Every structure is written in C-alpha cells, then in structure tokens.
There are 2 protein chains.
Amino acid sequence: MNKQKNLTLADVAQAAGVSTATISRVINGTPNKVSDTTRERILKLVAELDYQPMQIGRALSRMESATVALLTPDTRNAFYASIADGLEQAITATGKAMVLGHTREDPVLQDRHLAQMQSHGVAGIAMLGAVPSPGLSKAVARELPIVFVNRKCPYGAGSAFVGIDNYRAGGDVAGHFLERNYDPVAVIHGPLNSSASLERYEGFRDVIESAGHSLSERFVIHGGLTIESGYRATRDLLDHDEHPRAIFCANDAVAYGAHHRCGELGLASPERIALFGFDDNPLNKWLAPWLSTVAVPCTDIGTRVAELFLGGPVPPRQYLLPYELKIRRSA
Amino acid sequence: MNKQKNLTLADVAQAAGVSTATISRVINGTPNKVSDTTRERILKLVAELDYQPMQIGRALSRMESATVALLTPDTRNAFYASIADGLEQAITATGKAMVLGHTREDPVLQDRHLAQMQSHGVAGIAMLGAVPSPGLSKAVARELPIVFVNRKCPYGAGSAFVGIDNYRAGGDVAGHFLERNYDPVAVIHGPLNSSASLERYEGFRDVIESAGHSLSERFVIHGGLTIESGYRATRDLLDHDEHPRAIFCANDAVAYGAHHRCGELGLASPERIALFGFDDNPLNKWLAPWLSTVAVPCTDIGTRVAELFLGGPVPPRQYLLPYELKIRRSA
DNA sequence: CTGAAAGCGCTTACAG
DNA sequence: CTGAAAGCGCTTACAG
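This is a predicted model, so every value here is computed, not measured.

Would you mind showing me how to read the relation of the copies chain A and chain B here?
The pair of chain copies shares a relation made of a rotation about an axis and a shift along it. Taken as rigid bodies, chain A and chain B are interconverted by a rotation of 180° and an axial shift of 0.0 Å, the fit giving an RMSD of 0.0 Å. Considering both components of the superposition, the chain copies are consistent with a two-fold axis. Among all residues of chain A, the minimum C-alpha distance to the rotation axis is found for A:V99, at 2.1 Å. Looking at the interface residues of chain A, 100% of them are also at the interface in chain B, so both copies use one shared face.

Just checking my understanding: could you explain the nonpolar core for this structure?
Generally speaking, a soluble globular protein has its nonpolar side chains buried in company with each other. Ranked by size, the top nonpolar core spans 150 residues in total, and within it A:F177, A:F204, A:V305, B:F177, B:F204 and B:V305 carry the most contacts. Counting 36 residues, the second largest nonpolar core, distinct from the first, contains A:A130, B:A69, B:V99 and B:I125.

Would you mind going over the state of the cysteines with me for this structure?
Residues and elements named next belong to chain A. Counting across every chain of the model gives 0 disulfides over all chains. Not part of a disulfide, C262 finds its nearest cysteine sulfur in C249, a span of 8.2 Å. C262 sits in the buried class, given a relative accessible area of 1%.

Whenever I open this one, the protein's contact with DNA strand C confuses me. Can you help?
In the region of DNA strand C, 27 residues are neighbours, and A:R25, B:L9, B:S24, B:Y51 and B:S61 sit closest. The share of sugar and phosphate among atoms of DNA strand C within 4 Å of the protein is 65%. For DNA strand C, a phosphate oxygen lies 2.6 Å from a polar atom in the side chain of B:S24. Of all the secondary-structure elements, those providing two or more residues to the surface near DNA strand C are α2 (20–28) and α4 (55–62) of chain A together with α2 (20–28) and α4 (55–62) of chain B. Per element, the largest residue contribution to the surface near DNA strand C is 5 residues, and it comes from α4(B). When its residues are assigned to classes, the surface near DNA strand C shows 11 nonpolar, 11 polar and 5 charged.

Is there a simple way to think about the interface of chain A and chain B in this case?
A common measure of how large an interface is: the accessible area buried when the components associate. On the side of chain B, 60 residues touch chain A, which itself brings 60 residues to the contact. Summed over the shared surface of chain A and chain B, the result is 8 salt bridges. A salt bridge links A:D85 to B:R76, with the nearest nitrogen and oxygen atoms 3.3 Å apart. Joining chain A to chain B, the criterion identifies 26 residue pairs in polar contact (both at pLDDT 80 or more). The class makeup of the residues in the side of chain A that touches chain B is 25 nonpolar, 23 polar and 12 charged. Pairing of strand β2 (residues 97–102) of chain A with strand β2 (residues 97–102) of chain B involves 3 bridges; the strand directions are antiparallel. Paired with A:L100 across the bridge in β2(B) is B:M98.

Any chance you could explain the packing of α2(A) against helix α3 (residues 36–49) of chain A here in plain terms?
The geometry of a pair of packed helices is captured by two quantities: the angle between their axes and the separation between those axes. All names here are of chain A. Running from amino to carboxyl end, α2 crosses α3 at an angle of 85°, the nearest separation of the two axes being 10 Å. One finds that α2 runs roughly perpendicular with respect to α3. On the side of α2, the interface is formed by T22, I23, V26 and I27, while α3 contributes T38, R39, I42, L43 and V46. A breakdown of the residues in the contact of α2 with α3 according to their chemical character gives 6 nonpolar, 2 polar and 1 charged.

In this structure, what is going on with the environment of A:T75? I would like to understand it.
Considering the arrangement of structural elements, one finds A:T75 in the loop between β1 (67–72) and α5 (78–93). For A:T75, a relative accessible area of 14% puts it in the buried group. Sequence-wise, A:T75 and A:P282 are 207 residues apart; in three dimensions their C-alpha atoms are separated by 14 Å. With near-sequence residues (within four places) excluded, A:T75 lies in contact with A:A81, A:L100, A:H102, B:A81 and B:D85.

Explain the sheet that holds strand β7 (residues 220–222) of chain A here, please?
By definition, the strands of a sheet pair up through backbone hydrogen bonds, in either a parallel or an antiparallel sense. Residues and elements named next belong to chain A. Taken together, the 4 strands give an open sheet; going across it, the order is β7-β6-β8-β9, and neighbouring strands pair in parallel fashion. The open sheet has two edge strands, β7 and β9 (274–276), and neither has a second partner. Taking the axes of each pair of neighbouring strands and ignoring which way they run, one obtains an average angle of 15° across the sheet. Relative to β7, strand β6 (residues 185–189) runs parallel, the two being bridged by 3 bridges. Paired with H189 across the two strands is H222, which belongs to β7.

Explanation requested: the pairing of strand β4 (residues 146–149) of chain B in the structure shown.
The side chains of a regular strand alternate between the sheet's two faces. All names here are of chain B. What you see with β4 is no split at all: I146 and F148 on one side and V147 and V149 on the other are buried throughout. Where strand β3 (residues 124–128) lies against β4, 4 bridges are found, and the strand directions are parallel. When the sheet's bridge partners are listed, L128 is paired in β4 with V149. Regarding topology, helix α7 (residues 134–141) serves as the crossover connection from β3 to the parallel β4, and that connection is right-handed.

What is the right way to read the protein's contact with DNA strand D from this model?
Neighbouring DNA strand D are 27 residues; A:L9, A:S24, A:Y51, B:T22 and B:R25 lie closest to it. Sugar plus phosphate: this is where 64% of the atoms of DNA strand D within 4 Å of the protein reside. The separation between a base nitrogen of DNA strand D and a polar side-chain atom of A:R25 is 2.8 Å. Between DNA strand D and A:S61, the relevant distance is 2.6 Å, taken from a sugar or linking oxygen to a side-chain nitrogen or oxygen of the residue. Among the secondary structure elements, those contributing two or more residues to the surface near DNA strand D are α2 and α4 of chain A together with α2 and α4 of chain B. Tallied by class, residues from the surface near DNA strand D come to 11 nonpolar, 11 polar and 5 charged.

Help me out: how do you make sense of the pairing of strand β3 (residues 124–128) of chain A in this one?
Residues and elements named next belong to chain A. β3 sits mainly inside the fold: 5 of its 5 residues count as buried. Burial along β3 is two-sided: G124, A126 and L128 facing one way and I125 and M127 facing the other are all buried. Of the pairings in the sheet, the one linking β1 to β3 comprises 4 bridges and is parallel in character. Each bridged residue has a counterpart across the sheet, and for L71 the counterpart in β3 is M127.

Honestly, helix α9 (residues 195–210) of chain B in this entry has me stumped. Any pointers?
One turn of the α-helix equals 3.6 residues, which is why residues spaced by three or four share an orientation. Residues and elements named next belong to chain B. Helix length check: α9 (16 residues) gives 22 Å between terminal C-alpha atoms against 22 Å at 1.5 Å per residue, within 8%. When we look at burial in α9, the residues that qualify are S195, A196, S197, E199, R200, Y201, G203, F204 and I208. Buried positions along α9 lie against α8 (166–179), β6 (185–189), β7 (220–222) and β8 (246–249). Positioned one or two residues after α9, G212 has a phi angle of 90°, which is positive.

What should I look at first to understand unusual backbone geometry in this one?
Glycine aside, negative phi is the norm for most residues, and most peptide bonds take the trans geometry. In this chain, A:D183 is followed by A:P184 through a cis amide linkage whose omega measures 0°. The backbone phi angle of A:D279 is positive, close to 115°, even though this residue is not glycine.

The rules behind the values
Residues numbered from 1 in each chain as written. Chains lettered and ligands numbered in written order. Predicted model: local features only at pLDDT ≥ 70, side-chain atom pairs only at ≥ 80, totals over all residues. Heavy atoms only, no water. Least-squares fit on C-alpha atoms with pLDDT ≥ 70 in both. Contact = heavy atoms within 4.5 Å. Core = buried A, V, L, I, M, F, W, Y, C linked by side-chain atoms within 4.5 Å. Buried < 20%, exposed > 50% of the residue type's maximum accessible area, 1.4 Å probe, protein only. Disulfide = S-S within 2.5 Å. Near = heavy atom within 4 Å. Polar contact = N/O pair within 3.5 Å; in protein donor to acceptor, adjacent residues only side chain to side chain. Helix = DSSP H or I, 4+ residues; strand = E, 2+ residues; numbered from the N terminus. Nonpolar A, V, L, I, M, F, W, Y, C, P; charged D, E, K, R; others polar. Salt bridge = Lys/Arg side-chain N within 4 Å of Asp/Glu carboxyl O. Pairing = 2+ DSSP bridges. Axes fitted to C-alpha atoms, helices over the stretch in contact; angles between N-to-C directions. Parallel < 35°, antiparallel > 145°, perpendicular 65-115°, else oblique. Right-handed = clockwise from strand over helix to strand, strands pointing away. Expected span 1.5 Å × (residues − 1).

In structure tokens:
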C-alpha cells in the first residue's frame, strides 16, 4: 500500500549480517534459538530501523492471518457496540486486528460474511447474535474456531459460548413481576431462533405458570430487537380493551419503543404499565434511567471471547457470566 | 484456520487439467487471456468444487490485502456507527472486508492502529474523526491511501475528504438563532484539533458577531463529544446567574447531556433554553424527536468513501455533501 | 546457536 | 490462448 517500499525481513537481515531465519526468531521470541548477544544486537537494529513485519507474509506461511472476525447483527445497538468494543480492545491487545461484518439477522448476509472471513484466513470468528444458516452449519461441522456470543450455537451444544443464563434471568424477571403482583403480564419476545430470546421467554413463562398464573396468548407478542419493532409490537399489544399490567421486553431497545407507544396512549407510568428491559444498554444511564432491566456484563464478554481465541484451538467451553436485575422506577 | 484443508488453486488446476495460471485468470476475469470454452468449463468446475481463493496468497502476491480499515473515535455513538455501517456495506459489496480500529480520540491508540493497519497491508484507511498524531503525519507524508471522514486531515489540505461544510453549517445555526432573537447565545464546542468542531464554532461565531452581537467568553465552553461531556459542560455553563437563551451543541450526544442538565435545573424547555444539536443522530427519532439539529447524510458518506478507495490511488478529492437544518421543537 | 532452503497460495511478465 | 517459472515476505524443519 506504500509508495516507498516497506522494509522486509531480508533488508534487516542484510543490515545485521545474519540470516532471515535469525531475525525471524528474534522478532517472534522463539526460545532457545538465538544467543543473547545476537538477540540484543538485532532488537536494537530493529528498533532503529523501525522495522514492522508485514503480516501478509507471515499470514501465508502460517496459513492464518493475525485477525479475528466479529459478526454482529446490529452495529447501532449500543449494547452490541459495547461488546464489540470490549472484544476489539482485547483483540488489539494481543496484536491482532478485528474484522467486522454486519449480518442484520440475515442468514444470506451471514453466510456471505462467513465465507469471506474464512477466505481471509481469520484466526477466529466471534458470532454475536448468530442466526441459523447453511454456511454456519457447515462452519460448525468443520470445527472452525467459532465462539458464540450472547446466543448459543443453533447447531448442537458442542461450540464455545460466552453469555449469561437467559432462562434463569427470564425467570427472575417473572419472579419480580409476581412479587409486585403485576397481573396480567405480557411478554414481547425476540426471534425464537435466537437461544437468548427463546430462553428468556421460556424462563419467564415457566415461572409465571408454575405460580398458577397463565400467560394469555394475546399477551405473548413476537417481535424484533430494535426500538422500532418494540414500538410496533406494543402498538399491537395495546390495541385491545384489556391491557397488561406489565410488559417484559426482549431487550432495552424494545423497551424504549414500548415506552414510546405507552406514552402516546397516556400509559407511560409504572402505575399503569410497568416495563422491564434486558441488557442494561449503556444508553439507559442517560436516556432511560428509569428502566428496570437485566444487566449483562457486556465489557467482560469481549475479554472472555478473546481469551478463548488465545491458545490455539478453541475449547468448547461455556462461559456463563453473572447478570444482575436492576430494579428501577419502571417496574 | 480449518481442520480439513481448503482447496487451493493447484487442486483446481489439477482437477481441470490446466495450469494454475489459467485458473487464476478465469477467477479474476483477466480479459483476452482465456478462450470462452476453457473459461466456461473452469467456471463450472469452480462452482462445483465450491472453490474460494485464499485471500492470504493473493494478498502476498499483490502486496495488498483485500481489506479496508476504518478508524473511529467512538463505536457507541450511533452517528459514527451509521457511517461505519454505510462504509461496511459499500466495502463488502466490492468483496473486501472491513477492519475496525477504535481510537477513542487518543493519538497513541490512533498511531498503534495506524501501524497495525499498515503492517496488515490494508488497501485503504478511512479516518473517521482523526486526531493529530506523529504516525498520522508520517502516513500522510508517505501518501498512504487515506480518506478523512467528517474531520479534515490535520496535516495540509492535500488529502481526500468526505464530509460537509461545517463552517457554513455553523453559520446557518447562528442565523437561525438570530432570526429567533435568541440572546445571549452560548456554544459548547468539541475538541478544536478537530476541523469539524473548529469550523462549526468559527462559522457560528462569525455570523453572530457580524450581526453585531458578541459571544461572551463565559458562553463559549470547551467540551468533548459524548453525552457525559455535554452534561458536564452544561453544568459548568449554567453554574452562574446569567443563563444563555440558547445553546449550540457540538453534536447531538452533547445536546442529550445538555438537555439532561437543563432538566435537572427546570430549564428544559425551548422557552427557557433552546438547544441545537449536530449530526441528526439516528437515535433522535426515538429519543429526542424534539431536538433541532443539522442533518448530516451519514449513510451516503460511507458510499462516497468506498468510491474513493475503488480505483487504485486515492484522488485527493474533497466531497462536500449537502446538509440540512432540521428545525424542531427545541429551538 | 546459526543458516540454507523449501514452502505457504496466489499473480503475472515472459515465452511460445 | 496457454503454461512454466519466478516472486511476494515470512516461518520452520533440517543440517551443521
């Protein structure tokens, strides 16, 4: 990419009067291969010349580029952005670069990115909010180093996962609703091909029902994960005479949309309709400090994911991080 | 990155009974080099085998990887995220991948990313909200293919730029304030090493002053570009007996923070203190539909930047895109 | 502890 | 229109 050519390993080797192998070993810190004196001499020279190895050559010889891919469903959601942020920091700290793909919950786009990332030889792929897709199924079968974030792998439980116990968290929200005697309750859940959305819904429903209450079909709304879809779902939900006393929203963005619609109907108060979100979106602090929600440790997630990519093959570990119910004014 | 090895050009060549050169030419569509019959036969074979060239090999031979870097100051700001989004779409459409670096307005971080991107051999670098830094100065001198987005290059006017005429836009906001007879007016401006912030401020000030009004020093506040810094700046600004009648904020995030503080003081109405933002952040629609602001065409920006990277060397063009004053309730 | 050399997967000037 | 071969910058098994 440069007008004036970059320095190569060969240039440095020549300047130092040694072989390229030796320079390479010094640069990479290969142990027990280079004498201390040579090492120091070369390190000084490398610093003087400000030599930076070209990752392109290294990638070809290692058959792996110094990059990690992040596929994310929605770049504008501040919660996802925070996860991306934490991951980027952790990745960068290891000297790798982060490649970003935007999947928009679309299997076709996801597969396109998946294929591209593979052809780029990325060292790992973090799937934030994966959707089922043929390419993903194939990638999992090939045992590519994939870590699933927030949503579990749609194909078997053998894949690495970093997130929270959504089933339990959904149940906890239901428990809180019961404690407050909110009745009847409604839930606006996200796409059910997402383990996160499904488990939150199931956990919520199971606790409500095991307490002897029932969750009326009319009060279970299928929605998306954006402010807009939260608005629409709430419009549908409240387009009847009978209103729920409380709504468990798929995430905070949905809760923002729900609040908006409740406001239009003059129902935007905890005394009329209580709202519960999910994620503890960083925007809450400024824009919805009243929103009760489930705090997910989004910055830790990135660190954990990066950890999984560190030592060679990705262990099929499941990191379940702690979450926390934040009870605020809205519920 | 795979367990089972990927197909290589050599594999396909063997299967087709031709040389790797021929396959390469077919894949790349090199004109006037392959007979139509051979081409078709090979294209079919490639499709059958589902062969994807490894970018790693291509990168080394071309001395450039099929990636474009985006350096952004703040991943959580929805306005920047929209620009990143538009760019990602345009980049992906050309078959390239986008590498993302988060600079946090920090020259050291920016230089680290800049060095990393160069060593990765990216085909181009989009600098969203660049800050002055030694590495950037060097990169510009070496004529790397850099496009400055939103903020102009801090080192000379020869670099490619995509954004709006911030000076004029700042003046337009001042014009609106004068028309409404807001007096006195205040401005919370962003970092003055950013051409965008500086020019907005200067344009605003020049119009105010050329109308015979003066901009009191106490009403010119230096701030950052986040909600939090907007909150703090407004706290300082309003910590006196004399309040401004209107505030021109560095961007919408700052305006959110300003609104928050005004609310705490019971001044959050256009009749008490009018607020003007900048960007038309996508969040406005849902969270601050009352905010008057300057709409910047953030999705177009990405497309333009990608265009600049397309045909080889980056022309030192300046794309000044149209902006639009959105007058809403807040001012 | 050090080096000569093969090799990673592609592209392309050159020869035919 | 096609192919043999050199080359991109690095890594690493092998030999010494």
